Amino acid sequence: GWQRWLDDVNTAASLTETALAYLEDEKMDGDVPDLHLGELDLTTDELILDEVDIHIQANLEDDLVKEALKTGVDLRHYSKQVEAELQRIEQASIKDYIKESQNIALLHNQITACDSILERMEGMLSGFQSDLSSISSEIQTLQQQSVSMNVRLKNRQAVRSHLSQLVDELVVPAAMISTVLDSPVTDQEFLEQLHELNNKINLTKELSFRETLACCDIQDTVDRLKTKAVSKIREFFYQFLLANERTVAKEIRDEYVDTMSKIYYSYFKSYSGRLLKVQLLLQAVSESRNTIFTLGQRGGVLNPAELEGPILIPHTAQRGDSRYPYESLFRSQHYALLDNGCREFLFLSDFFMVTGTSGLDLFTSIMGKTLGMLLKSTASYVSDCFDSIAVFLCIHIILRFRAVTAKRSIPALDKYWEAVLELLWPRFELILELNIHSIRHTDPQKLGVLDTRPHYITRRYAEFSSAIVSINQTFPNERTHTLLGQLQVEVENFVLKMAAEFPSRRDQLIFLINNYDMMLSVLMERAADDSKEVEGFQQLLLARTQEFIEELLASPFGGLISFVKEAEGLMERGQLERLKNDEARISQLVRGFSASWKHSVEAMSQEGALTQLIQYYHGFHKVLSQPALRSLPVRSDLINLHHLMVELKKHKPNF
């Protein structure tokens, strides 16, 4: 058995070597391409014996092998015949394969190309399938839209049959507009279009009760046509009466005057009475004196947006528990008067065809009673009013309303404006004079304990003065400037009297500086920087601040300051030689300053004092550098001016 297995192995190896030799020869002839047999290798010596046994056993069970063993055929000879036949067949197979290798390669390329073409066709067919699906969906959508449009069309046709008559009745034709605007009242066409216009007016009223939105589209046009038609008819009517029946025209005019006079009087009397119910009573407000002397938000009543804004509605304000200062009520009341007065005067001039004095007389006959009632109401408030800011705001409200009527060319209310100003100006001046008198006769000893902080009276003055100055900028009044100047003088005297109550000059200066600074700050918030009040207190503050600095420096550096002032005076007169005999005094000043300046500076909180000290010490340097004193030995002990400034910055970083 082992011998046969070895013979089989040798035979297989021989066949393999023969095939490889043949292929090598053919390759050298150029007819055989390279073959890649992968892992097929018949020459390997790596055989597993267990597997060989299995193969031998399987071969023994083969029918041909059994038959050969039974007949006693020489297996070696038979094996060689088989091997020769297999070798021949193998070589023939290899030749056939090599012969057809190009066709096989071509076939492979063709199969690959066909596969690519089929793949593209598959993609195209998939795209066609997707497009067909999308087209089907779109067709279905179009079908649904078609059905929906068909339904809407039927609905609109049904609605149109019902709305066509309504639309025809609502449309305002161009012929009607042109006829009403251009045709004379006496034309037949005007009368016909007027009849049609009347029908449309009645129709819009009826539809408005049904809340029909369509009537809103023509409401404005119908109203304008109605107004124009009434105006033309009115002009024609009164002209006709004046030309043919003057008695009837007078009766109509007198009846109109009587009716409108009662209407205006009743309206303004009722409105004024209701306004007083929402008045902000100053005595009911905490810190009311501050409210009286402070402008705050009250000045907003003079802003253009609020000045000609909507009038106050008293019952709405009452429901919201809102309260307003008197000037706001005054503004609302008189803006209502201005608006109604201008409209009434224009109507009278247009309808009754009056101009000049005749128009003013007719206006007075209607509004005279109302104007008298308003004047009486204003006089009643002013008679016991001590709120000077409210009175001054009312004055400027009237000044601005007078400018509005002048701009509108309405002279009907000019006399009324002058009458109101004649009530307000004297009261305002009286209140200012009372304040001046009060400040002038104030006894500081009756005001309780004093301290160096700003006094409440000076704060009130500053708030009040800044309020009046800011209001007065638009319509300047010299009388007001004069009274404010008198009040300022009395306040300055009052502050000096209050300062005199302090025993030390230093406390007096602190009190004066604090009050001047406070008044200046408040004034500059509202008044212009170049106003007389601002300039006056700037000068006072500067003078007292300078004096206070001198007071601070007098204690630690008084000798040095006195010497510098004395020496500068002698220098101006050319008599500096007289100081040669004061060498001891100069030496004491130089050494004393060097020894004590740091301790003295630490106790100072006023930066201005440090600046002034530098100036005095610079003057001291300048005096000692003069020829008459230049040879003094003590000059070497002087502190360098730059070094002094650096040291001061160390002690006072903000310097």
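Draft legend 1. Main features of the overall build of the protein chain. Counting its regular elements, the protein chain contains 23 helices and zero strands. Within the span of the protein chain, comprising 655 residues, buried residues form 35% of the whole. In the protein chain, 77% of the contacts between residues at least 6 apart in sequence involve partners at least 24 apart. For the protein chain, the exposed surface amounts to about 40200 Å²; the carbon and sulfur share of it is 54%.

Draft legend 2. Structural view of unusual backbone geometry. At Met 353, a residue that is not glycine, the phi angle is positive and equals roughly 55 degrees. Within the fold, Met 353 resides in the loop between α13 (326-351) and α14 (356-383). Positive phi is not limited to glycine here, since Ser 409 has a value of about 60 degrees. Residue placement: Ser 409 occurs in the loop between α15 (388-407) and α16 (414-440).

Draft legend 3. Layout of the pattern of salt bridges. Under the defined criterion, the tally for this structure stands at 17 salt bridges. The closest approach of N and O atoms between Asp 220 and Arg 224, which form a salt bridge, is 3.3 Å. Highlighted residues: Asp 220 and Arg 224, both in helix α8 (residues 214-244), separated by four residues, approximately one helical turn. What makes Asp 220 partly exposed here is its relative accessible area of 45%.

Draft legend 4. Region of interest: a nonpolar patch on the surface. A cluster of nonpolar residues, Val 159, Leu 163, Val 167 and Val 171, forms a patch on the protein surface that exposes about 310 Å² of accessible area. Here Val 159 is to be found in helix α5 (residues 101-170).

Draft legend 5. Spotlight on the environment of Arg 400. In this structure, Arg 400 sits in helix α15. With 92 residues separating them along the chain, Arg 400 and Glu 308 place their C-alpha atoms 10.0 Å apart.

Draft legend 6. Expanded view of the packing of α8 against helix α9 (residues 246-276). Across the interface, α8 lies against α9 with an axial gap of 6 Å and an inter-helix angle of 130 degrees. Viewed along their axes, α8 and α9 adopt a mutual orientation that is oblique. Contact residues: Phe 237, Tyr 238, Leu 241, Leu 242 and Asn 244 in α8; Arg 246, Val 248, Ala 249, Ile 252 and Arg 253 in α9. Class assignment for the residues of the contact of α8 with α9 results in seven nonpolar, one polar and two charged.

Draft legend 7. How the structure looks around the nonpolar core. Counting 128 residues, the largest nonpolar core has Ile 395, Leu 424, Met 519, Ile 586, Phe 593 and Phe 620 as the members making the most contacts within it. Top element by residues in this core is helix α20 (residues 532-573). It accounts for 15 residues. Counting 13 residues, the second-largest nonpolar core is a separate cluster that includes Cys 215, Ile 218, Leu 225 and Ala 229.

Draft legend 8. Layout of α5. Given a rise of 1.5 Å per residue, 70 residues ought to cover 104 Å, and the 97 Å separating the end C-alpha atoms of α5 matches this to within 8%. The axis of α5 is deflected most strongly, by about 45 degrees, at Leu 163.

Draft legend 9. Local environment of the packing of helix α18 (residues 478-499) against α20. Axis separation between α18 and α20 bottoms out at 11 Å; the angle between their running directions is 20 degrees. Relative to α20, the element α18 is oriented roughly parallel. In this structure, α18 crosses over α20, and the sense of that crossing is right-handed. Facing Leu 484, Gln 488 and Glu 492 of α18, the residues of α20 in contact are Lys 532, Glu 533, Gly 536, Phe 537 and Leu 540. Residues that form the contact of α18 with α20 fall into these classes: three nonpolar, two polar and three charged.

Draft legend 10. Structural view of the state of the cysteines. Evaluated as defined, the whole model comprises zero disulfides. Here Cys 385 stays free of any disulfide, with the sulfur of Cys 394 as its closest cysteine sulfur at 7.9 Å.

Draft legend 11. The packing of aromatic side chains, seen in detail. In this structure the tally under the stated criterion is 26 aromatic pairs. Ring geometry for Tyr 256 against Phe 352: centres 5.5 Å apart, planes inclined by 55 degrees, an arrangement best described as tilted. On the criterion of sequence distance, the pair formed by Tyr 256 in helix α9 and Phe 352 in the loop between α13 and α14 is long-range, its members being 96 residues apart. There is no split in this pair, since Tyr 256 and Phe 352 are both buried. Each ring, one from Tyr 617 and one from Phe 620, has its centre 6.1 Å from the other, and the planes form 40 degrees; the classification is tilted. Here the residue Tyr 617 and the residue Phe 620 both occupy positions in helix α22 (residues 607-624), the gap between them amounting to three residues, near one helical turn. For the residue pair Tyr 617 and Phe 620, the accessibility class agrees, reading buried in each case. Aromatic rings pair up to connect Tyr 238, Tyr 256, Phe 347, Phe 351 and Phe 352 into one cluster. If you follow Lys 369 out to its NZ or CZ, it ends over the ring of Tyr 265, 4.5 Å from the centre. In this structure, Arg 427 is placed above the aromatic ring of Phe 386, and the distance from its NZ or CZ to the ring centre is 4.8 Å.

Draft legend 12. Geometry of α15. Helix length check: α15 (20 residues) gives 29 Å between terminal C-alpha atoms against 28 Å at 1.5 Å per residue, within 8%. Within α15, 16 of the 20 residues are buried, which leaves the element mostly enclosed by the surrounding structure. Following α15 by one or two positions, Ser 409 has its phi on the positive side, about 60 degrees.

Draft legend 13. Examining the environment of Gln 333 more closely. When you line up the elements, Gln 333 lands in helix α13. Take Gln 333: its relative accessible area is 6%, and that puts it in the buried class. Note: C-alpha distance between Gln 333 and Ile 311 (22 residues apart in sequence) is 7.4 Å. Contact partners of Gln 333, with chain neighbours within four places excluded, come to Phe 268, Tyr 271, Ser 272, Leu 275 and Leu 374.

Draft legend 14. Looking closely at the side chain of Glu 490. Among the secondary structure elements, Glu 490 is positioned in helix α18. Note on Glu 490: relative accessible area 13%, which makes it buried. In this structure the side chain of Glu 490 is engaged in a polar contact, spanning 3.1 Å, whose partner is the side chain of Arg 440. Setting aside residues no more than four positions away along its own chain, Glu 490 makes contact with Ile 436, Ile 439 and Arg 440.

About the criteria used
- The numbers attached to residues start from 1 for each chain and follow its sequence in the written order.
- Given that this is a predicted model, residues contribute local features only at a pLDDT of at least 70 and side-chain atom pairs are listed and counted only at 80 or more, while totals for whole chains, interfaces and linings are drawn from all residues.
- Heavy atoms from the whole structure form the basis of all side-chain values; hydrogens and water molecules are not counted.
- Each helix corresponds to a stretch of at least 4 residues labelled H or I by DSSP, and each strand to a stretch of at least 2 residues labelled E; elements are numbered beginning at the N terminus.
- Three exposure classes are used, based on accessible area relative to the maximum for each residue type with a 1.4 Å probe and protein chains only: buried under 20%, partly exposed in between, and exposed over 50%.
- In what follows, residue pairs with any heavy atoms lying within 4.5 Å of each other are defined as contacts.
- Surface exposure here means Shrake-Rupley accessible area, sampled with a 1.4 Å probe, where a residue is shielded only by the protein chains that are shown.
- Criterion for a salt bridge: a side-chain nitrogen of Lys or Arg within 4 Å of a carboxyl oxygen of Asp or Glu.
- Candidate patch residues must exceed 30% relative accessible area and have no salt bridge, after which like charges are joined if within 9 Å and Val, Leu, Ile, Met, Phe, Trp or Tyr side chains if within 5 Å.
- To get an axis, a line is fitted to the C-alpha atoms, and for a helix only the part in contact is used. The angle between two axes follows their N-to-C directions and goes from 0 to 180 degrees.
- Working definition: roughly parallel below 35 degrees, roughly antiparallel above 145 degrees, roughly perpendicular at 65 to 115 degrees, and oblique for all remaining angles.
- Residues were grouped as follows: Ala, Val, Leu, Ile, Met, Phe, Trp, Tyr, Cys and Pro as nonpolar; Asp, Glu, Lys and Arg as charged; and all remaining residues, including Gly, as polar.
- For the purposes of this section, nonpolar cores are sets of buried Ala, Val, Leu, Ile, Met, Phe, Trp, Tyr and Cys residues that join through side-chain atoms within 4.5 Å.
- How far a helix is expected to stretch is found by multiplying one less than its residue total by 1.5 Å.
- At every residue, the bend is computed as the angle between two fitted axes, covering the seven residues ending there and the seven beginning there respectively.
- If you view the pair so one helix is near and one far, a crossing is left-handed when the near helix is turned anticlockwise from the far one by less than a right angle, and right-handed when it is turned clockwise.
- Two cysteine sulfur atoms make up a disulfide if the distance between them is within 2.5 Å.
- Between 30 and 60 degrees the pair is tilted, below 30 it is stacked and above 60 it is edge-to-face, where a pair is any two Phe, Tyr or Trp rings, Trp via its six-membered ring, whose centres lie within 6.5 Å.
- Counted as over-ring charges are cases with an Arg CZ or a Lys NZ within 6 Å of the ring centre that also lie within 35 degrees of the ring normal.
- Contacts described as polar in this section are N or O atom pairs within 3.5 Å, which, within protein, must combine one atom able to donate a hydrogen with one able to accept it, while residues neighboring in sequence count only if both atoms come from side chains.

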